Amino acid sequence: MSNVTNVAIFFSGAGTNLQALISAFQSDLFEDAELKLALTNNNQAGGIEVARQAGVDIVIIDDEAKKGKDWNYDQLLLQSLEAHGLSPSNRLILLAGFMRLLSDEFVRLFRWKILNIHPSILPAFRGSRAIESALDYGVKITGCTVHFVDEGIDEGPVILQAAVAVDVRDTPESLLLKIHQEEHEIYVEALKLFLQGKVRLDGRKVEISK
Ligand code: GRF
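Worth saying up front: this structure is predicted, and the values here are computed from it rather than measured. (Residues numbered from 1 in each chain as written. Predicted model: local features only at pLDDT ≥ 70, side-chain atom pairs only at ≥ 80, totals over all residues. Heavy atoms only, no water.)

Right, let's get into the pattern of salt bridges. For the structure shown, the criterion picks out ten salt bridges. Across the salt bridge formed by D63 and R100, the nearest N and O atoms sit 2.7 Å from each other. Of the two residues, D63 is situated in the loop between strand 3 (58–60) and helix 3 (73–83) and R100 in the loop between strand 4 (91–96) and helix 4 (104–109); the sequence distance between them amounts to 37 residues. Its salt-bridge partner being D170, residue K178 comes within 2.6 Å of it at the nearest N-O pair. The exposure class assigned to D170 is buried, which follows from its relative accessible area of 13%. Connected through salt bridges with shared partners, the residues E105, R108, R111 and E151 form a single ionic network. (Salt bridge = Lys/Arg side-chain N within 4 Å of Asp/Glu carboxyl O. Helix = DSSP H or I, 4+ residues; strand = E, 2+ residues; numbered from the N terminus. Buried < 20%, exposed > 50% of the residue type's maximum accessible area, 1.4 Å probe, protein only.)

As structure tokens, this is what we get:
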């Protein structure tokens, strides 16, 4: 059996993390892993153009278009993943600014095979307004976290974190830029470690081997 890990990236926005991850795949940073598709729930997402430029298969399962209709998002996700070879055991999903909650069933199906990046030092400032909340609170240090996804919101075991200093003059936009720089580095690094089998989960704790 092949040991190649088939990877999907889910995104909803500008796609700067998507870009960083795609670039890492393109520069052969990861052994035994193939980026199979980029998937979004937002047909206006800037990341669509990022994936298109890079020649990555794109799947759009748009929330707005399906509003009010009877549809099963999980089923659509699973169909798209399977069509791109992500049904066997070797599979990994990277959430890169995916602004739709995954169902508990979906998370269980992909247990410890979903990673996320969050723009704060978790467990501080969970949720979708992490950068604004950090500024409002007046913290001097914030940052970003790569973590496993479990059934909670921004709660899964932490893999890597990076700190970012907050200046009193920072705006949401300037702080976002600083956090993005760190995110792009630690997401690629966490993925590399994960694919090398160096990330070991022990309860809530994650041990990274050298
Ligand atoms: C990132 O800041 C990430 O931490 C959060 O959503 C943002 C996505 O940005 N989950 P981008 O689309 O990767 O530029």
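Another aspect to go through is the sheet that holds strand 2 (residues 33–40). Read from one edge of the open sheet, seven strands run 3-2-1-4-5-6-7, paired in mixed fashion. At either margin of the open sheet sits one strand with a lone partner, and together these are strand 3 and strand 7 (158–165). Strand after strand, the sheet turns through a mean of 20° between neighbouring axes, direction not considered. Two elements, strand 1 (residues 5–11) and strand 2, share seven bridges in a ladder whose sense is parallel. Paired with I9 across the two strands is A38, which belongs to strand 2. Against the sheet, helix 1 (residues 16–26) contacts strand 1, strand 2, strand 4 and strand 5 (114–118), and its axis sits at roughly 160° relative to strand 2. Together, strand 1, strand 2 and strand 3 form the strand contacts of helix 2 (residues 47–54), whose direction differs from that of strand 3 by roughly 155°. (Pairing = 2+ DSSP bridges. Axes fitted to C-alpha atoms, helices over the stretch in contact; angles between N-to-C directions. Contact = heavy atoms within 4.5 Å.)

In terms of nonpolar packing, the biggest core is built from 47 residues, with L18, L21, L94, I159 and Y187 touching the most fellow members. Both domains that furnish three or more residues to this core are identified here as domain 1 (1–110) and domain 2 (116–210). Setting aside chain neighbours within four positions, we find L21 in contact with I9, F30, L94, A96, Y187, V188 and L191. Membership of the second largest hydrophobic core comes to 19 residues, among which are I61, Y73, I93 and F110. (Core = buried A, V, L, I, M, F, W, Y, C linked by side-chain atoms within 4.5 Å. Domains from an automatic or database assignment.)

With that settled, consider the site of the ligand. All residues in the neighbourhood of the ligand are listed as G13, A14, G15, T16, N17, G97, I117, H118, P119, H180 and E183. In this structure, T16 approaches the ligand through a side-chain N or O atom, which is 2.5 Å from an oxygen atom. Note that an oxygen atom of the ligand is positioned 2.4 Å from one of the side-chain N or O atoms of E183. Out of a free accessible area of 370 Å², the ligand has 87% covered by protein chains. Listing elements by their share of the shell around the ligand, those giving two or more residues are helix 1, strand 5 and helix 6 (172–195). Its residues assigned to classes, the shell around the ligand shows three nonpolar, seven polar and one charged. Split by domain, the residues of the shell around the ligand number at least three in each of domain 1 (1–110) and domain 2 (116–210). (Near = heavy atom within 4 Å. Polar contact = N/O pair within 3.5 Å; in protein donor to acceptor, adjacent residues only side chain to side chain. Areas by Shrake-Rupley, 256 points an atom, 1.4 Å probe, with all protein chains shown as cover. Nonpolar A, V, L, I, M, F, W, Y, C, P; charged D, E, K, R; others polar.)

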